[in-house]
Amino acid sequence: MSDIIYTKVDEAPELASASLLPIIKKFAEAAGVSVGTKDISLAGRILATFPEHLSEEQRQSDDLAELGRLVKTPEANVIKLPNISASVPQLVAAIKELQAQGYALPDYPEEPSTDEEKAVRAKYDGIKGSAVNPVLREGNSDRRAAKAVKSFAQSNPHRMGVWTADSKTHVSSMSGNDFFSNEDSATLDAATGAKIVLETADGEKVLKEGLEYPAGTVVDATFMSAAALKDFLNTQIEKTKEDGILFSLHLKATMMKVSDPILFGHAVKTYLAPVFEKHGAKLKELGVNPNSGLGDLLERVKGESEIMADIDACMEERPPMYMVDSDKGITNLHVSSDVIIDASMPALIRAGGKGWGPDGKEHDANCVIPDSSYAPVYDEAINFFKENGKLDPATAGTVQNIGLMAQKAEEYGSHPTTFELAEAGTVKMILDDGTVLHQHKVDAGDIWRSSSARKAPIEDWVNLAISRQKAEGCRAIFWLDESRAHDAELISYVKPILEAQGVADKFEIMAPREATRASLETITKGENTIAITGNVLRDYLTDLFPILELATSAKMLSIVKLMNGGGLFETGAGGSAPKHVQQLMEQNHLRWDSLGEFCALGESLKFLADARGNEKARVLGDAVETATQGILDHGRSPSRKVGEPDNRDSHYWFARYWAEAVAAQSDDAELAAEFAPIAKDLAAKEADILSELAAAQGAAVDLGGYYHTDAEKTARVMRPSETLNGIIG
Ligand SMILES: NC(=O)C1=CN([C@@H]2O[C@H](COP(=O)(O)OP(=O)(O)OC[C@H]3O[C@@H](n4cnc5c(N)ncnc54)[C@H](OP(=O)(O)O)[C@@H]3O)[C@@H](O)[C@H]2O)C=CC1
Ligand SMILES: O=C(O)CCC(=O)C(=O)O
Ligand SMILES: [Mg+2]
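Everything in this summary refers to the structure shown in the same document.

Calculation rules
- Residues numbered from 1 in each chain as written.
- Chains lettered and ligands numbered in written order.
- Predicted model: local features only at pLDDT ≥ 70, side-chain atom pairs only at ≥ 80, totals over all residues.
- Heavy atoms only, no water.
- 1 Å grid on protein atoms, 1.4 Å probe; cavity = no way out; pocket = protein on both sides within 12 Å on 5 of 7 lines; lining within 4 Å.
- Points joined across faces, edges and corners; volume = space filled by probe spheres on them.
- Helix = DSSP H or I, 4+ residues; strand = E, 2+ residues; numbered from the N terminus.
- Nonpolar A, V, L, I, M, F, W, Y, C, P; charged D, E, K, R; others polar.
- Donors = N, O, S within 2.8 Å, 3.2 Å for Na, K, Ca; no water.
- Buried < 20%, exposed > 50% of the residue type's maximum accessible area, 1.4 Å probe, protein only.
- Phe/Tyr/Trp six-rings, centres within 6.5 Å; stacked < 30°, edge-to-face > 60°.
- Lys NZ or Arg CZ within 6 Å of the ring centre and 35° of its normal.
- Contact = heavy atoms within 4.5 Å.
- Axes fitted to C-alpha atoms, helices over the stretch in contact; angles between N-to-C directions.
- Parallel < 35°, antiparallel > 145°, perpendicular 65-115°, else oblique.
- Left-handed = near helix turned anticlockwise from the far one by under 90°.
- Expected span 1.5 Å × (residues − 1).
- Salt bridge = Lys/Arg side-chain N within 4 Å of Asp/Glu carboxyl O.

### So, the layout of surface pockets
- Its volume calculated, the second largest pocket comes out at about 1,200 Å³.
- Taken together, 40 residues line the second largest pocket, and the ones lying closest to its centre are Pro261, Ile262, Asn289, Asn291 and Glu420.
- Among the secondary structure elements, those contributing two or more residues to the lining of the second largest pocket are helix 4 (88–100), helix 5 (115–127), helix 8 (226–243), helix 9 (259–271), helix 10 (273–285) and strand 16 (418–420).
- Its residues placed into classes, the lining of the second largest pocket shows 15 nonpolar, 14 polar and eleven charged.

Next up, the structure:
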């Protein structure tokens, strides 16, 4: 196994890797550090799942499974870039692309009927949604802006949209019968097995058996009423129309891969209710599944002029929708993975509460977030900015995050125990000794789910919070609501640990709404705070605050201290930026910022030094930090516009500053001597390299694929400077 594993992913970060990874490998090798890759891309995971359909040379190893084992060992040192968490339309598109490239993969069975189709579907469902992160995240999350990055943002504040008191933008959530209000929670005294059943008039149906929980696990159960959801959506569509603003829906269909596509489907069906009422049978015959979105629906009804006319008429009647791409007519309801709440709500808040309408102009929006568990965070942030005006990034302090994440904690681990109920009855969670731990009376169509959080991860999370608070000395808040069932169980863990360690006075405990206000007040004063949260708020807040403070979450330091001693270094806190790929393909300009990769690389090298006593790795790691600082100080980050320096230019500068820093240090003379000529060469050939990089931009490029690109074509596009390639090799 290599000293450091760098993940092969998808979209923009993978394009960036084609340019950056050769530099990293060369420099690391000089210090005797080996850097290997493991493929966790969507295409790679599909290929690894169906060896029986592929020829010998097409087959691919199951790298995700291997990494899943590695992260449970102290040897793990993984740099994890963002990867696609695929919605069904993305999965289907990737399968089609691979089939066209000659891989005889089975189609995605939309409505599996035979046993074989059901088996194929189950395999594809394992690849769907957020299928990578939960496997790798065997530790809790520590996300923050490195000091250099934060000071850079303060001295170079980004543009912020203006908030006014009369903005009509607001958040709407259900007032009852949602996951929040139906939640029950209990902490298990002893280890136990459990099953989940649905009791109906006809008897008991097993929904899931063979569940195993260690002692101390917090086990929740809850459900969302489909009828209440439909009422809520109907009301919101009407109210949005009355208010004359945009209808926008914000979900996390990728990480909540079972429940949220269903919620999304309800929104599609409610928005187009007259069409579904009139043409329901025909739509079914055409294979329309509302959960796959309006994009898929429109594709399937293409030849049906009457249905198309009715869709147009309905859309005309409805409030205008918040758009993903108004030029191309792509709406909020086209594909469930296009609008992902962690990125979409912060972008809207940063823009002063504005979203893009079908007319290509900015408007206020009704931000519909059906479940009320976490929506108050956005609601309160919006209230705060309406009262106080926009945040000033030049003076604002920072909100760091310590997130409970290990071992599939909380809602993000709930997929195997989430069910859309086919019929009414009572769902019961029954322990091995016959105890009914939780039960809910449900109707057909309701979505029931159980989540859990284990004792060891919870304790690790509290301890991580204590050590981070000690290091920072700033305000620290547990975002827990004592009136919420699950949070009350967590508080029972948190308080005794804080007291036992004599640090209870250093921490506050607040419900998410109050914590949002307190944190915004703190950073507005220029002070810092640590948000200690569960898994969902970890995800939401590590986009929300970075996007307000730094303009992007791509620059975040994202460390996962693995519970068995290894290190997982995530790059940034954002995703794989499909829009950036589009720009590269059209204009050969990649605006992806690799600052997250630089930060993760520095941490990974320093971890290697600490864990294995590799002092050369320490020298390299320190030099990476100097180089990252150099990128910031000299403004070498990529620009957004074609013709200006892009991702590739920033990698040249990173290589140069990195080599110069190694050459200049005196801890390791051998390394200094090795890097001196490289640094010299990079500096001497600056003009040639930059002009070769600039010359490459402008025209459309072919990567030989989207999900499964051609390695040689990609390398040609991403490494256009022969001079630089000559130095890097
Ligand atoms: N850790 C992971 O593996 C994660 C994966 N994802 C996956 O990523 C995909 C896209 O998700 P989405 O919600 O659109 O979020 P993204 O974070 O990919 O995109 C939101 C926007 O953030 C900006 N951005 C993000 N990263 C960078 C960067 N390094 N440099 C510059 N700008 C950046 C871009 O803004 P602009 O367009 O203005 O340049 C981008 O359009 C999905 O498939 C999702 O599942 C999402 C989150 C985390
Ligand atoms: O796994 C995913 O789909 C996204 C992860 C994410 O958004 C995050 O961890 O911030
Ligand atoms: Mg996120």
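### A closer look at the coordination of the magnesium ion (ligand 3)
- Of the protein atoms, only Asp342 (OD) and Asp539 (OD) coordinate the magnesium ion (ligand 3), at distances of 1.9 to 2.1 Å. Highlighted residues: Asp342 in helix 13 (residues 341–350) and Asp539 in helix 18 (residues 535–550), separated in sequence by 197 residues.
- Judged by its relative accessible area of 8%, Asp342 is buried.
- For Asp539, a relative accessible area of 4% gives the class buried.

### Observations regarding the packing of aromatic side chains
- Applying the stated criterion across every chain yields a total of 17 aromatic pairs.
- With centroids separated by 5.0 Å and ring planes inclined at 65°, the aromatic side chains of Tyr652 and Trp653 adopt a geometry described as edge-to-face.
- Through a chain of ring-to-ring contacts, three or more aromatic side chains come together here, namely Phe27, Phe598, Phe654, Trp658 and Phe675.
- Across from the ring centre of Trp653, 3.6 Å away, lies the NZ or CZ of Arg636, which sits over that ring.

### A closer look at the environment of Arg636
- The residue Arg636 is located in the loop between helix 21 (615–633) and helix 22 (647–664) in this model.
- Residue Arg636 is classed as partly exposed on the basis of its relative accessible area of 28%.
- In this structure, the C-alpha to C-alpha distance between Arg636 and Leu98, residues 538 residues apart in sequence, is 37 Å.
- In contact with Arg636, other than residues within four places in its own chain, are Ile631, Ser650, Trp653 and Tyr657.

### A closer look at the packing of helix 2 (residues 42–49) against helix 5
- Between helix 2 and helix 5, the shortest axis-to-axis distance is 10 Å and the interhelical angle comes to 150°. If you check the angle between helix 2 and helix 5, you find them roughly antiparallel. For helix 2 against helix 5, the interelement crossing comes out right-handed. In this structure, helix 2 uses Leu42, Arg45, Ile46 and Thr49 to contact helix 5, whose residues at the interface are Lys123, Tyr124 and Ile127.
- Taken together, the residues of the contact of helix 2 with helix 5 break down into four nonpolar, one polar and two charged.

### Focus: unusual backbone geometry
- The phi dihedral of Lys408 falls on the positive side, at around 55°, and the residue is not glycine.
- The topology assignment puts Lys408 in the loop between strand 15 (399–403) and strand 16.
- One non-glycine residue, Asn588, lies in the positive phi region at around 50°.
- For Asn588, a relative accessible area of 5% puts it in the buried group.

### Considering helix 8
- Between its first and last C-alpha atoms helix 8 spans 25 Å; for 18 residues at 1.5 Å apiece the expected length is 26 Å, and the two agree.
- Taken together, the buried residues of helix 8 touch strand 5 (170–172), strand 9 (218–224), strand 10 (246–249), helix 9 and strand 14 (362–368).
- Just downstream of helix 8 lies Gly244, where phi reads positive at about 65°.

### Observations regarding helix 20 (residues 595–612)
- For helix 20, spanning 18 residues, the distance from its first C-alpha to its last is 26 Å, which sits close to the expected 26 Å at 1.5 Å a residue.
- Judged by how many residues are buried, helix 20 sits mostly within the fold: 13 of 18 residues are covered.
- Just past helix 20, the residue Gly613 takes up positive phi, approximately 60°.

### A look at the packing of helix 9 against helix 10
- In the contact formed by helix 9 and helix 10, the axes pass within 4 Å of each other and the chain directions differ by 85°. In terms of orientation, helix 9 and helix 10 fall into the roughly perpendicular class. For the pair helix 9 and helix 10, contact is made by Val268, Lys269, Thr270 and Tyr271 and by Ala273, Pro274 and Phe276, respectively.
- Across the contact of helix 9 with helix 10, the residue classes break down as five nonpolar, one polar and one charged.

### Focus on the pattern of salt bridges
- The tally for this structure, following the rule as stated, stands at 44 salt bridges.
- With a closest N to O distance of 2.8 Å, Asp668 and Lys616 form a salt bridge. Of the two residues, Asp668 is situated in the loop between helix 22 and helix 23 (669–684) and Lys616 in helix 21; the sequence distance between them amounts to 52 residues.
- By relative accessible area, which is 13% here, Asp668 ends up buried.
- Overlapping salt bridges, with partners in common, bring together Asp379, Glu380, Glu387, Arg513 and Arg517 in one network.

These results come straight from atomic positions and should not be treated as a statement about function.
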